[in-house]
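This is what each chain is made of:
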Amino acid sequence: MASIFTRIVNREIPCYKVAEDDRFLAFLDINPLAQGHTLVIPKEEIDYIFEIPDNLLGDYFRFSKSVALAIEQVIPCQRIGIAVIGLEVPHAHIHLVPLQTIYDIDFKKPKLNLTTDEFQSIAGQIAEAYERICSKE
Ligand code: AMP
């Protein structure tokens, strides 16, 4: 059975998309630790991040970097933290989390409750920043 992220890739279920190319997709986490908390996935359904083939891994990280730089332009933060957990969804994903303090990437803390409008606004702003970054590369 397809993972929930494959179903997002296939447009069977919606997401708050922030960036996409032919191999990767980035969208907001629906249970965010912080505003702008984003997941970056390979479109190919690979369960464990360390199963990603070497010829994809570098581009996956480069894509994640561009998304992180876009988030930084939109969400006030000191840095973008990255985490890989993968215990809930068996489809590789990098969490990009804007950080003011180390507590912002504590997965045990209560998640934010954002409205649809807030999710859409944040995703739209990050998507615009991502496009600007890509147009300069
Ligand atoms: P983990 O596999 O432990 O890294 O956790 C999976 C993450 O995916 C959690 O932070 C969830 O909030 C997030 N998540 C699960 N389903 C969706 C979805 N449909 N859209 C966006 N994020 C999701």
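As a reminder, the structure under discussion sits directly above these lines.
Now for a look at the structure at hand. This structure is a prediction, so every number in the text was calculated from the model and none was measured.

### Points about helix 3 (residues 116-136)
Working step 1: Taking 1.5 Å of rise per residue, 21 residues should cover 30 Å, and helix 3 covers 31 Å from first to last C-alpha, within 8% of that figure.
Working step 2: The set of residues buried in helix 3 consists of Phe119, Ile122, Ala123, Ile126, Ala129, Tyr130 and Ile133. Taken around the axis of helix 3, the buried residues stretch over an arc of 130°, which confines them to a single face. Among the exposed residues of helix 3, those pointing more than 90 degrees away from its buried face are Asp117, Glu128, Glu131 and Ser135.
Working step 3: Buried-residue contacts for helix 3 involve strand 1 (17-20), strand 2 (24-28), strand 3 (38-42) and helix 2 (54-74).

### Quick notes on the sheet that holds strand 5 (residues 94-99)
Working step 1: One open sheet accounts for five strands, arranged 1-2-3-5-4; its pairing is antiparallel. If you trace the sheet from one side to the other, it starts and ends with strand 1 and strand 4 (79-83), each paired once. With strand direction ignored, the average angle separating the axes of adjacent strands in the sheet is 20°.
Working step 2: By the bridge criterion, five bridges tie strand 2 to strand 3 in an arrangement that is antiparallel. If you follow leucine 25 over to strand 3, its bridge partner there is isoleucine 41.
Working step 3: In the packing of helix 2 onto the sheet, contacts are made with strand 1, strand 2, strand 3, strand 4 and strand 5, and the angle to strand 3 comes to roughly 160°.
Working step 4: Seen against the sheet, helix 3 touches strand 1, strand 2 and strand 3 and runs at an angle of roughly 25° to strand 1.

### Section: the site of the ligand
Working step 1: The ligand sits among 16 residues. The nearest are Asp29, Asn31, Glu88, His93 and His95.
Working step 2: At a separation of 3.3 Å, a nitrogen atom of the ligand approaches a polar backbone atom of isoleucine 30.
Working step 3: A distance of 3.0 Å separates an oxygen atom of the ligand from a polar backbone atom of glycine 86.
Working step 4: For the ligand, whose unbound accessible area comes to 500 Å², protein coverage reaches 90%.
Working step 5: Sorting the residues of the shell around the ligand by element identifies helix 1 (4-9) and strand 2 as the ones contributing at least two each.
Working step 6: Ranked by residues supplied to the shell around the ligand, first place goes to helix 1 with three residues.
Working step 7: Split into classes, the residues belonging to the shell around the ligand amount to 10 nonpolar, four polar and two charged.

### A few points about the packing of aromatic side chains
Working step 1: One pass over the structure, following the stated rule, counts six aromatic pairs.
Working step 2: On the basis of an interplanar angle of 10° and a centroid distance of 4.7 Å, the ring pair of tyrosine 16 and phenylalanine 119 is categorised as stacked. Taken together, the residues span a long stretch of sequence, with tyrosine 16 in the loop between helix 1 and strand 1 and phenylalanine 119 in helix 3 at a distance of 103 residues. The pair formed by tyrosine 16 and phenylalanine 119 is uniform in burial state, with each residue classed as buried.
Working step 3: With a centroid separation of 5.6 Å and 25° between ring planes, the pair formed by phenylalanine 24 and tyrosine 60 is classed as stacked. Highlighted residues: phenylalanine 24 in strand 2 and tyrosine 60 in helix 2, separated in sequence by 36 residues.
Working step 4: Taken together, the aromatic side chains of Phe24, Tyr60, Phe63 and Tyr130 make up a single cluster linked through ring pairs.

What counts and how
- Residues numbered from 1 in each chain as written.
- Predicted model: local features only at pLDDT ≥ 70, side-chain atom pairs only at ≥ 80, totals over all residues.
- Heavy atoms only, no water.
- Helix = DSSP H or I, 4+ residues; strand = E, 2+ residues; numbered from the N terminus.
- Expected span 1.5 Å × (residues − 1).
- Buried < 20%, exposed > 50% of the residue type's maximum accessible area, 1.4 Å probe, protein only.
- Arc of directions from axis to C-beta.
- Contact = heavy atoms within 4.5 Å.
- Pairing = 2+ DSSP bridges.
- Axes fitted to C-alpha atoms, helices over the stretch in contact; angles between N-to-C directions.
- Near = heavy atom within 4 Å.
- Polar contact = N/O pair within 3.5 Å; in protein donor to acceptor, adjacent residues only side chain to side chain.
- Areas by Shrake-Rupley, 256 points an atom, 1.4 Å probe, with all protein chains shown as cover.
- Nonpolar A, V, L, I, M, F, W, Y, C, P; charged D, E, K, R; others polar.
- Phe/Tyr/Trp six-rings, centres within 6.5 Å; stacked < 30°, edge-to-face > 60°.

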